[in-house]
Every structure is written in structure tokens, then in C-alpha cells.
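Residues per chain, in single letters:
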Amino acid sequence: MKKLLLLLFIPLFSGCAELQDIANQVPGGGYGISNTEIASGLKQALNFGIEKEVAKLTEEGGFFRNELVRITLPPELQKVDKTLRDLGLNSLADEGLKVLNRAAEDAVKEATPIFVNAVQEMTFTDARNILLGNNTAATTYLNQKTATPLYSKFNPVIQTSLDRVGATQVWTNIIDKYNSLPLTSKVNPDLADYVTQEALKGVYTMIAIEEQEIRTDLGARTTQLLQRVFALQD
């Protein structure tokens, strides 16, 4: 069980000093320290890893410049974007996309405390289920535990951000322009809800990538601790 606990918490990040500190206290690769102490130390390190991933998305362009999580238009507005670009209004269409992504960057700043709480609530049963799961089992656990509270935190922040940066006015202009064109169907999506859902997807996408890499890529095991522990699952 002690080795299982070590295997569980490491997959979401690599290179954390906290992990190496714990390794130095555990003679024989996992013995000589209580389950409570191991879990406490690894949770602290996991919190650090989550905070690092969230920080990447809160940077300016954290969403827009990252093709994996960039927020594009909802299906109802994709035809709006295409029509505007066909008419040579590329700059207007680009600005519409940027303000959506800026709103997501603002909202993700609210994520870290919620993730920290989910980690603190993790039980030994959760740990076993995650270890026996697939390469994104830890990400799935966080999704299940945090999606609802994150939505509640993200949505009002995104609505405020959209209003503050003028997104509401930008999209009003875009939609009005589109709706004034002949032979088009009028659209009126809930942009705040859409951006909230896309922001959530982006957060979990980045965590899943980190988890899969350390589970499967030998080159990602950048410390002796990672190499020793994950050799047990290879």
C-alpha cells in the first residue's frame, strides 16, 4: 500500500522539490514513514503541481496562444466567424475570439483553492481507484470533485470579464452585423456559459496531459525518485 500511495500522487507533475524531500525520508523506497506522513507530503507536492498548471493558463495569452485549450467559437457562431472573414472582416473576428479567451484566463485564477480542497479530501479508496484506473484517472477524479464548484466560481468571473473588456459590446456588434446580412439565421448564444464550459475543459486538458506524460514517458521521469517508482509499473 505504501508503494501504491507513492505511485498515485506523482503522475500529475515532475521535478518538485517536495517529492525529493519525501524520498530522502523514506529508506527502501517507501518504508520507514507512516501512511499519514507520506500522504500529507505528497498532497502538499500535488498542490504545488496543480498551482503551477493553473498559473500557466492565467498568464496573458494562456488560453489564446495554447492550441490545446484555445477557446474557439460555439457552433452557433462558427458561421458568423466564417462569414465575417469571407467579407474581409478578419480583425473583428479575431478580436471576438481574444476577448473570450481573456475571460477564461481571468476565471481560472479561482481554480487553485478548489483543487486544493479536492486533494485534501482524497481518501485511500480514492487512491486505490485512481491507481487501478487509466492514464487520466487522477484527472477524472479531480473533474468529478471540482467541476460543479469550479463552474460556480468561473461563471460570474467570466461574465464580469466579458463586460469589463467590452466583449459584450464586441459580440453585440458582431452578432448585429451578422444578423443584418441577408439569408442568415439569427443567433443569440449564452457566451458566458459557453466560455465557462470551455475554460473548464482547458484546465482538465492540461492536467491530463501532465498526468499521461509522467505515467508513460520515460524521458519525463526527471528525478531518481520518479525513475525508481515508475519502474515498478513498467
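Residues numbered from 1 in each chain as written. Predicted model: local features only at pLDDT ≥ 70, side-chain atom pairs only at ≥ 80, totals over all residues. Heavy atoms only, no water.

Q: Can you walk me through the overall build of the chain in this structure?
A: A tally of helices and strands in the chain yields 11 helices and 0 strands. When the helices and strands of the chain are listed from N to C terminus, the series reads α-α-α-α-α-α-α-α-α-α-α. Burial status across the chain gives 45% buried among its 234 residues. When the accessible surface of the chain is totalled, it reaches about 11,700 Å², and 50% of it is carbon and sulfur. (Helix = DSSP H or I, 4+ residues; strand = E, 2+ residues; numbered from the N terminus. Buried < 20%, exposed > 50% of the residue type's maximum accessible area, 1.4 Å probe, protein only. Areas by Shrake-Rupley, 256 points an atom, 1.4 Å probe, with all protein chains shown as cover.)

Q: Which parts of the structure should I look at to understand the environment of Asn155?
A: Note that Asn155 resides in helix 8 (residues 137–164). For the pair formed by Asn155 and Tyr194, sequence separation is 39 residues and the distance between their alpha carbons is 9.4 Å. Excluding residues within four positions of it along the chain, Asn155 makes contact with Ala192, Asp193 and Thr196. (Contact = heavy atoms within 4.5 Å.)

Q: Is there a simple way to explain the nonpolar core in this structure?
A: Within soluble globular proteins, side chains that are nonpolar tend to cluster in buried spots. Formed by 45 residues in total, the largest nonpolar core has its most connected members in Phe115, Phe154, Ile158 and Trp171. Elements represented by at least two residues in this core include exactly helix 3 (35–58), helix 4 (75–86), helix 5 (90–108), helix 6 (111–120), helix 8, helix 9 (167–179) and helix 10 (191–216). Top contributing element to this core by residue count: helix 10, with 10 residues. Filtering out sequence-adjacent residues up to four positions away, Ile158 remains in contact with Ala103, Ala107, Ala192, Val195, Thr196 and Ala199. (Core = buried A, V, L, I, M, F, W, Y, C linked by side-chain atoms within 4.5 Å.)

Q: Help me understand the confidence of the model for the chain in this model?
A: Where the model shows low pLDDT, its predicted coordinates should not be examined in detail. Here the chain averages 74 in pLDDT, while 67% of its residues score no lower than 70. Low pLDDT, under 50, characterises residues 1–34; the predicted model gives this stretch 83 contacts beyond four residues in sequence or across chains. (pLDDT = per-residue confidence, 0-100.)

Q: Help me out: how do you make sense of helix 6 in this one?
A: Since the α-helix advances by 3.6 residues per turn, residues separated by three or four positions end up pointing in the same direction. Buried within helix 6 are the following residues: Ala111, Thr112, Ile114, Phe115, Ala118 and Val119. Angular distribution of buried residues about the axis of helix 6 spans 165 degrees; they occupy a single face of the element. (Arc of directions from axis to C-beta.)

Q: Teacher, can you tell me more about the side chain of Ser161 here?
A: Relative to the helices and strands, Ser161 is located in helix 8. Of the polar contacts made by the side chain of Ser161, one reaches the side chain of Asp106; its length is 2.7 Å. Ignoring sequence-local partners within four residues, the contact set of Ser161 consists of Arg102, Ala103 and Asp106. (Polar contact = N/O pair within 3.5 Å; in protein donor to acceptor, adjacent residues only side chain to side chain.)

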